[in-house]
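Observations on chain architecture
Each chain is listed here by its residues.
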Amino acid sequence: SSDVCSSDLFPSHDRHRYIMDWEWCYFNQKFSNEQCDFILNYMNVLPVQPAKVGQNNGLGVDENIRKSNVRFIQKSDPNCSWIFDEMWKMAIECNKDHFNFHFTNLDFIQISEYNSENQGMYTKHHDVFWCNPEYPYRRKLSCTVQLSDPTSYTGGEFVFHDLEKSFPSDGDKVKMKNRGTAIMFPSFIFHSVEPVLTGIRYGLTAWFEGPRIVTGK
(Lines give C-alpha, C1' and ligand atoms only; values in the text may rest on other atoms or scores of the structure.)
Protein backbone atom coordinates (compact mmCIF):
# COMPACT_ATOMS: atom_id res chain seq x y z
CA SER A 1 0.00 0.00 0.00
CA SER A 2 1.05 3.58 -0.57
CA ASP A 3 2.65 5.44 2.32
CA VAL A 4 1.44 8.98 1.65
CA CYS A 5 3.03 10.31 4.83
CA SER A 6 6.53 9.93 3.41
CA SER A 7 8.72 13.02 3.57
CA ASP A 8 8.95 13.41 -0.21
CA LEU A 9 5.32 14.56 -0.25
CA PHE A 10 5.98 17.31 2.29
CA PRO A 11 8.79 19.74 1.33
CA SER A 12 10.79 20.94 4.30
CA HIS A 13 10.57 24.61 3.31
CA ASP A 14 7.44 26.72 3.57
CA ARG A 15 6.30 26.75 -0.04
CA HIS A 16 2.91 28.42 0.27
CA ARG A 17 1.90 32.04 0.55
CA TYR A 18 -0.93 32.84 2.93
CA ILE A 19 -3.26 35.65 1.80
CA MET A 20 -6.15 36.87 3.98
CA ASP A 21 -9.14 39.11 3.58
CA TRP A 22 -11.95 39.03 6.10
CA GLU A 23 -14.33 37.22 3.72
CA TRP A 24 -11.84 34.85 2.11
CA CYS A 25 -8.23 33.72 2.10
CA TYR A 26 -6.04 31.31 0.20
CA PHE A 27 -2.88 29.28 0.60
CA ASN A 28 -1.02 29.46 -2.71
CA GLN A 29 0.10 26.01 -3.94
CA LYS A 30 -0.33 24.51 -0.49
CA PHE A 31 -0.54 21.01 -1.97
CA SER A 32 2.34 19.87 -4.17
CA ASN A 33 1.95 18.34 -7.63
CA GLU A 34 2.79 14.95 -6.11
CA GLN A 35 0.05 15.32 -3.51
CA CYS A 36 -2.51 16.39 -6.14
CA ASP A 37 -1.49 13.42 -8.33
CA PHE A 38 -1.94 11.06 -5.38
CA ILE A 39 -5.47 12.35 -4.72
CA LEU A 40 -6.47 12.10 -8.38
CA ASN A 41 -5.12 8.55 -8.62
CA TYR A 42 -6.64 7.50 -5.32
CA MET A 43 -10.09 8.75 -6.29
CA ASN A 44 -10.34 5.91 -8.81
CA VAL A 45 -10.90 3.43 -5.97
CA LEU A 46 -13.71 5.54 -4.47
CA PRO A 47 -17.39 5.18 -5.43
CA VAL A 48 -18.63 7.92 -7.76
CA GLN A 49 -22.08 9.48 -7.72
CA PRO A 50 -23.91 12.47 -9.21
CA ALA A 51 -23.62 15.57 -7.04
CA LYS A 52 -26.72 16.47 -5.03
CA VAL A 53 -28.14 19.72 -3.73
CA GLY A 54 -30.13 20.54 -0.62
CA GLN A 55 -33.89 20.64 -1.18
CA ASN A 56 -36.94 21.07 1.04
CA ASN A 57 -37.40 17.31 1.15
CA GLY A 58 -33.73 16.45 1.61
CA LEU A 59 -30.92 15.94 -0.91
CA GLY A 60 -31.53 15.38 -4.60
CA VAL A 61 -29.94 15.67 -8.04
CA ASP A 62 -30.80 18.86 -9.93
CA GLU A 63 -28.59 19.48 -12.94
CA ASN A 64 -30.08 22.92 -13.44
CA ILE A 65 -28.28 23.90 -10.23
CA ARG A 66 -25.33 21.54 -9.96
CA LYS A 67 -23.80 19.35 -12.64
CA SER A 68 -20.81 17.27 -11.49
CA ASN A 69 -19.73 13.92 -10.14
CA VAL A 70 -18.41 13.53 -6.60
CA ARG A 71 -16.50 11.06 -4.47
CA PHE A 72 -15.97 11.11 -0.72
CA ILE A 73 -12.91 10.48 1.44
CA GLN A 74 -13.82 9.48 5.00
CA LYS A 75 -11.73 10.57 7.95
CA SER A 76 -11.37 6.90 8.93
CA ASP A 77 -9.40 6.18 5.72
CA PRO A 78 -5.78 5.60 6.83
CA ASN A 79 -4.43 6.33 3.34
CA CYS A 80 -5.75 9.88 3.47
CA SER A 81 -5.21 10.95 7.08
CA TRP A 82 -2.50 13.35 5.88
CA ILE A 83 -5.09 15.26 3.81
CA PHE A 84 -7.25 15.81 6.91
CA ASP A 85 -4.13 16.88 8.84
CA GLU A 86 -3.28 19.50 6.21
CA MET A 87 -6.86 20.75 6.09
CA TRP A 88 -7.00 21.13 9.87
CA LYS A 89 -3.68 23.02 9.94
CA MET A 90 -4.95 25.55 7.41
CA ALA A 91 -8.33 25.90 9.10
CA ILE A 92 -6.79 26.49 12.52
CA GLU A 93 -4.33 29.05 11.15
CA CYS A 94 -6.81 31.19 9.23
CA ASN A 95 -9.49 30.84 11.89
CA LYS A 96 -7.09 32.01 14.59
CA ASP A 97 -5.91 34.93 12.46
CA HIS A 98 -9.29 36.16 11.43
CA PHE A 99 -12.57 34.24 11.37
CA ASN A 100 -12.83 33.10 15.01
CA PHE A 101 -15.45 30.42 14.29
CA HIS A 102 -16.28 27.58 16.67
CA PHE A 103 -15.91 24.36 14.68
CA THR A 104 -15.19 20.84 15.85
CA ASN A 105 -15.85 18.39 13.00
CA LEU A 106 -14.44 17.41 9.62
CA ASP A 107 -15.91 13.99 8.93
CA PHE A 108 -15.31 13.71 5.19
CA ILE A 109 -13.75 15.47 2.21
CA GLN A 110 -15.32 15.63 -1.24
CA ILE A 111 -13.63 15.27 -4.63
CA SER A 112 -15.58 17.05 -7.38
CA GLU A 113 -15.32 16.42 -11.11
CA TYR A 114 -16.63 19.08 -13.51
CA ASN A 115 -16.56 17.71 -17.07
CA SER A 116 -16.82 19.73 -20.27
CA GLU A 117 -18.81 16.90 -21.89
CA ASN A 118 -21.89 18.18 -20.06
CA GLN A 119 -20.52 21.63 -19.17
CA GLY A 120 -20.21 20.77 -15.49
CA MET A 121 -20.99 23.69 -13.18
CA TYR A 122 -22.52 24.77 -9.87
CA THR A 123 -24.74 27.85 -9.78
CA LYS A 124 -24.63 30.52 -7.06
CA HIS A 125 -25.06 28.96 -3.63
CA HIS A 126 -23.77 28.86 -0.08
CA ASP A 127 -22.77 25.76 1.90
CA VAL A 128 -24.94 26.03 5.01
CA PHE A 129 -28.04 23.86 5.46
CA TRP A 130 -30.04 26.37 7.52
CA CYS A 131 -33.30 24.41 7.27
CA ASN A 132 -32.20 21.12 8.83
CA PRO A 133 -33.55 21.25 12.40
CA GLU A 134 -32.50 17.71 13.27
CA TYR A 135 -28.76 18.00 12.57
CA PRO A 136 -26.94 19.50 15.59
CA TYR A 137 -24.08 21.06 13.59
CA ARG A 138 -23.68 23.79 11.01
CA ARG A 139 -21.03 24.28 8.36
CA LYS A 140 -18.83 27.17 9.49
CA LEU A 141 -15.72 27.20 7.29
CA SER A 142 -15.43 25.93 3.70
CA CYS A 143 -12.26 24.98 1.85
CA THR A 144 -11.76 24.17 -1.83
CA VAL A 145 -8.46 22.96 -3.30
CA GLN A 146 -7.56 23.18 -6.98
CA LEU A 147 -6.42 19.70 -8.06
CA SER A 148 -6.18 20.32 -11.82
CA ASP A 149 -3.50 22.09 -13.80
CA PRO A 150 -5.24 25.32 -14.89
CA THR A 151 -4.03 24.75 -18.46
CA SER A 152 -5.88 21.41 -18.68
CA TYR A 153 -9.36 22.98 -18.92
CA THR A 154 -11.16 26.21 -19.82
CA GLY A 155 -14.09 27.78 -18.01
CA GLY A 156 -14.80 26.37 -14.57
CA GLU A 157 -13.94 29.60 -12.75
CA PHE A 158 -14.53 29.66 -8.99
CA VAL A 159 -16.43 32.90 -8.31
CA PHE A 160 -17.39 34.71 -5.10
CA HIS A 161 -20.70 36.62 -5.00
CA ASP A 162 -22.13 39.46 -2.89
CA LEU A 163 -18.99 40.16 -0.88
CA GLU A 164 -19.23 43.18 1.39
CA LYS A 165 -15.58 44.23 1.51
CA SER A 166 -13.50 43.30 -1.53
CA PHE A 167 -13.30 40.73 -4.28
CA PRO A 168 -10.06 38.97 -5.24
CA SER A 169 -7.83 41.03 -7.52
CA ASP A 170 -6.87 39.80 -10.98
CA GLY A 171 -3.54 38.68 -9.53
CA ASP A 172 -5.30 36.80 -6.73
CA LYS A 173 -7.58 35.10 -9.24
CA VAL A 174 -4.57 33.78 -11.17
CA LYS A 175 -2.98 32.40 -8.01
CA MET A 176 -6.27 30.90 -6.84
CA LYS A 177 -6.27 28.76 -9.99
CA ASN A 178 -2.76 27.44 -9.34
CA ARG A 179 -2.68 23.72 -8.86
CA GLY A 180 -2.66 22.87 -5.15
CA THR A 181 -3.99 26.26 -4.00
CA ALA A 182 -6.51 26.08 -1.14
CA ILE A 183 -9.22 28.73 -0.83
CA MET A 184 -10.96 29.14 2.54
CA PHE A 185 -14.04 31.20 3.33
CA PRO A 186 -17.05 31.31 5.67
CA SER A 187 -19.61 28.73 4.59
CA PHE A 188 -22.37 31.35 4.35
CA ILE A 189 -20.53 33.24 1.57
CA PHE A 190 -22.20 32.83 -1.82
CA HIS A 191 -20.04 31.32 -4.56
CA SER A 192 -20.31 29.37 -7.80
CA VAL A 193 -18.37 27.33 -10.36
CA GLU A 194 -18.84 28.47 -13.95
CA PRO A 195 -19.43 25.87 -16.71
CA VAL A 196 -16.35 23.94 -17.83
CA LEU A 197 -15.96 24.45 -21.59
CA THR A 198 -13.03 22.14 -22.40
CA GLY A 199 -11.27 19.45 -20.36
CA ILE A 200 -12.08 18.40 -16.81
CA ARG A 201 -11.70 20.41 -13.59
CA TYR A 202 -11.10 18.51 -10.35
CA GLY A 203 -11.41 20.03 -6.89
CA LEU A 204 -11.18 18.97 -3.27
CA THR A 205 -13.77 20.40 -0.88
CA ALA A 206 -14.01 20.30 2.92
CA TRP A 207 -16.56 21.76 5.33
CA PHE A 208 -15.63 22.37 8.96
CA GLU A 209 -18.69 22.06 11.16
CA GLY A 210 -19.51 23.22 14.66
CA PRO A 211 -22.46 23.81 16.99
CA ARG A 212 -25.30 25.90 15.68
CA ILE A 213 -24.76 29.64 15.73
CA VAL A 214 -26.44 31.18 18.78
CA THR A 215 -27.60 34.78 18.66
CA GLY A 216 -28.12 37.08 21.62
CA LYS A 217 -26.44 37.08 25.02
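Going by the structure above, here's the rest.
Structure report, in brief. (Residues numbered from 1 in each chain as written. Predicted model: local features only at pLDDT ≥ 70, side-chain atom pairs only at ≥ 80, totals over all residues. Heavy atoms only, no water.)

**Some points on the packing of aromatic side chains**
One pass over the full model with this rule turns up 15 aromatic pairs. Connected via pairs of aromatic rings, a cluster forms that spans Trp24, Tyr26, Phe158, Phe160 and Phe185. A cation over a ring is seen here: Lys124 above Phe190, with NZ or CZ 5.2 Å from the ring centre. It is Arg139 that lies over the ring of Trp207; its NZ or CZ is 3.9 Å from the centre. (Phe/Tyr/Trp six-rings, centres within 6.5 Å; stacked < 30°, edge-to-face > 60°. Lys NZ or Arg CZ within 6 Å of the ring centre and 35° of its normal.)

**Some words on the side chain of Arg179**
By the secondary structure assignment, Arg179 is in the loop between α3 (170-176) and β13 (182-186). You can call Arg179 buried: its relative accessible area is 15%. At 3.5 Å, the side chain of Arg179 forms a polar contact with the side chain of Asn33. Residue contacts for Arg179: discarding those within four places in its chain leaves Gln29, Phe31, Asn33, Cys36, Asp37, Leu40, Gln146, Leu147, Ser148, Asp149 and Pro150. (Helix = DSSP H or I, 4+ residues; strand = E, 2+ residues; numbered from the N terminus. Buried < 20%, exposed > 50% of the residue type's maximum accessible area, 1.4 Å probe, protein only. Polar contact = N/O pair within 3.5 Å; in protein donor to acceptor, adjacent residues only side chain to side chain. Contact = heavy atoms within 4.5 Å.)

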